[in-house]
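Summary of structural features
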Amino acid sequence: MTGWMNSAGHKANILNTGFGKLGVGIARSDTGTPYWVQTFTT
């Protein structure tokens with residue numbers, strides 16, 4: 001979350017009151033590296 005809030009583009013989406021729903025997902029690579037995704041919708 002800290003990384004997203006420190007990113008101007010991600011922070012703008014998170015704080016955009018035009019979005020009413022948020023989906024978050026995570027996947028891990030074979031070496032354990034996490035990959036996160038956010039999906040915003042009205």
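Residues numbered from 1 in each chain as written. Predicted model: local features only at pLDDT ≥ 70, side-chain atom pairs only at ≥ 80, totals over all residues. Heavy atoms only, no water.

Turning next to the packing of aromatic side chains. Inspection of the entire model under this criterion finds 2 aromatic pairs. Between W4 and W36, the aromatic rings sit 6.2 Å apart at their centres with planes inclined by 90°, giving edge-to-face as the arrangement. Here W4, found in helix α1 (residues 2–5), pairs with W36, found in strand β2 (residues 34–41); they are 32 residues apart in sequence, far enough to count as distant. Note on W4: relative accessible area 18%, which makes it buried. Residue classification places W36 among the exposed residues on the basis of a relative accessible area of 53%. (Phe/Tyr/Trp six-rings, centres within 6.5 Å; stacked < 30°, edge-to-face > 60°. Helix = DSSP H or I, 4+ residues; strand = E, 2+ residues; numbered from the N terminus. Buried < 20%, exposed > 50% of the residue type's maximum accessible area, 1.4 Å probe, protein only.)

With 8 bridges connecting them, strand β1 (residues 21–28) and β2 associate as antiparallel partners. Opposite R28, over in β2, you have P34 as the bridge partner. Counted along the chain from β1 to the antiparallel partner β2, the turn is 5 residues long, and its residue G32 has a positive phi close to 95°. (Pairing = 2+ DSSP bridges.)

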